[in-house]
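Understanding the architecture of this molecule
Below are the chains, spelled out letter by letter.
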Amino acid sequence: MQNKLRIERAILRLTQEELAGRIGVSRQTINAMEANKYVPSTALALKLARVFGKPVEQLFELEEGD
Amino acid sequence: MQTRYLFPHRFKRLGWVLAVAALVLGLLEMYEFIRLPHLLAWLPSPIGNTDLPDVVAGRMVRDNHDLYAVVFIVGAVLAACSREQHEDEYIGQIRLESLLWALYAYCGLLLLAFLLVSGMPFFTVMTYAMFAPLLLFLVRFQVVLRGSAKAAAHAE
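Residues numbered from 1 in each chain as written. Chains lettered and ligands numbered in written order. Predicted model: local features only at pLDDT ≥ 70, side-chain atom pairs only at ≥ 80, totals over all residues.

**With respect to unusual backbone geometry**
Residues and elements named next belong to chain A. Unlike most non-glycine residues, Arg-13 shows phi in positive territory, near 55°. On the secondary structure map, Arg-13 appears in the loop between α1 (5-11) and α2 (16-23). Note on Arg-13: 7 C-beta atoms within 10 Å, which makes it exposed. In this model, Asn-36 sits at a positive phi of 60°, which is unusual for a non-glycine residue. Tracing the sequence through the fold places Asn-36 in the loop between α3 (27-34) and α4 (42-52). (Helix = DSSP H or I, 4+ residues; strand = E, 2+ residues; numbered from the N terminus. Buried ≥ 20, exposed ≤ 12 C-beta atoms within 10 Å, placed from the backbone.)

What follows is the structure, given as structure tokens:
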């Protein structure tokens, strides 16, 4: 699964630490998601969507094989 | 989602101190670098009391390895199963993957030991085998956790 978290975070000018604080996770989790090493749960994806003010489908995209 | 059945984060440091102290003292006594007094001489064994290994003042008593084993298990469980400061679903996943990894590594090592070691040396293998799953899990979990923290620190 691909995501646009890094881009959306840059648009809002948030650091990983700040984004982590807003959704209540560790900074490692933000970094792992941005590096496509971790696919978040639905609850976490919805929290991210709320912070960025966009639907989940605009943040995450299925790849072939998903 | 958070991993259930974890101890509060404050127990983690205490767990590490207990586990490392017990491991070091246990190995030092096992290989006879030190010899401490019988610290558990006061504690009888409900089963096998007549087979206790040492004699003090004409009475069969426990060896210190019982104490080190108990302290190590308590400490290692606290160190391994206490929440991280920011315990979340990603760390929960690392925790569960490390548990699976430790199981595979333990079974692999045990298979090798059965094939390569026989006789009395296998007794030493059994001694290590009692504590290996916890140790393997602890080491793997910490290595991956530190790796991901380092990766996050270098990301910005």
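**Some remarks on the interface of chain B and chain A**
One frequently used descriptor of interface size is the decrease in accessible area upon assembly of the parts. Contact with chain B, which involves twelve residues of that partner, is made by 13 residues of chain A. Elements represented by at least two residues in the side of chain B that touches chain A include exactly α3 (89-116) and α4 (121-155) of chain B. It is α4 of chain B that contributes the most residues to the side of chain B that touches chain A, five residues altogether. Broken down by class, the residue content of the side of chain B that touches chain A amounts to seven nonpolar, two polar and three charged. (Contact = placed C-beta atoms within 7 Å. Nonpolar A, V, L, I, M, F, W, Y, C, P; charged D, E, K, R; others polar.)

**A look at α4 of chain B**
Side chains of residues three or four places apart in an α-helix project in the same direction, reflecting 3.6 residues per turn. With 35 residues, α4 of chain B ought to run about 51 Å at 1.5 Å a step, and its terminal C-alpha atoms sit 48 Å apart, in line with that. At Ala-132 of chain B, α4 of chain B is deflected by roughly 50°, the largest bend along its length, and proline Pro-133 of chain B occurs up to four residues later in sequence. (Expected span 1.5 Å × (residues − 1). Bend = angle between axes of the 7 residues up to and from the residue.)

**A look at the domain arrangement of chain B**
Residue and element names in this part refer to chain B. Assigned domains within chain B: domain 1 (1-85) and domain 2 (88-156). Its C-alpha centre places domain 1 at a distance of 20 Å from the equivalent point of domain 2. With eight residues of domain 1 at the contact, the number on the domain 2 side is ten residues. When its residues are assigned to classes, the side of domain 1 that touches domain 2 shows five nonpolar, two polar and one charged. (Domains from an automatic or database assignment.)

**Let's talk about the confidence of the model for chain A**
A low pLDDT score tells you not to read the predicted coordinates there in detail. Mean pLDDT over chain A: 93, with 100% of residues reaching 70 or higher. Confidence scores differ between elements of chain A, with strand β1 (residues 2-3) of chain A showing the lowest mean pLDDT of 90 and α4 of chain A the highest of 95. (pLDDT = per-residue confidence, 0-100.)

**Regarding the packing of α2 of chain A against α4 of chain A**
Residues and elements named next belong to chain A. At a minimum axis distance of 10 Å, the contact between α2 and α4 shows a crossing angle of 115°. Viewed along their axes, α2 and α4 adopt a mutual orientation that is roughly perpendicular. In the crossing of α2 with α4, the sense of the turn from one axis to the other is right-handed. Residue-level inspection shows Leu-19, Arg-22 and Ile-23 of α2 in contact with α4, the latter providing Leu-44, Lys-47, Leu-48 and Val-51. Of the residues assigned to the contact of α2 with α4, the class counts are five nonpolar, no polar and two charged. (Axes fitted to C-alpha atoms, helices over the stretch in contact; angles between N-to-C directions. Parallel < 35°, antiparallel > 145°, perpendicular 65-115°, else oblique. Left-handed = near helix turned anticlockwise from the far one by under 90°.)

**Considerations on the environment of Leu-96 of chain B**
Topologically, Leu-96 of chain B is positioned in helix α3. Taking the C-alpha atoms as reference points, Leu-96 of chain B and Ala-149 of chain B, separated by 53 residues in sequence, lie 18 Å from one another.

**Describing the confidence of the model for chain B**
When pLDDT is averaged across chain B, the result is 91; 97% of the residues are at 70 or more. Here the complex is predicted with pTM 0.86, and the ipTM for its interfaces comes to 0.88.

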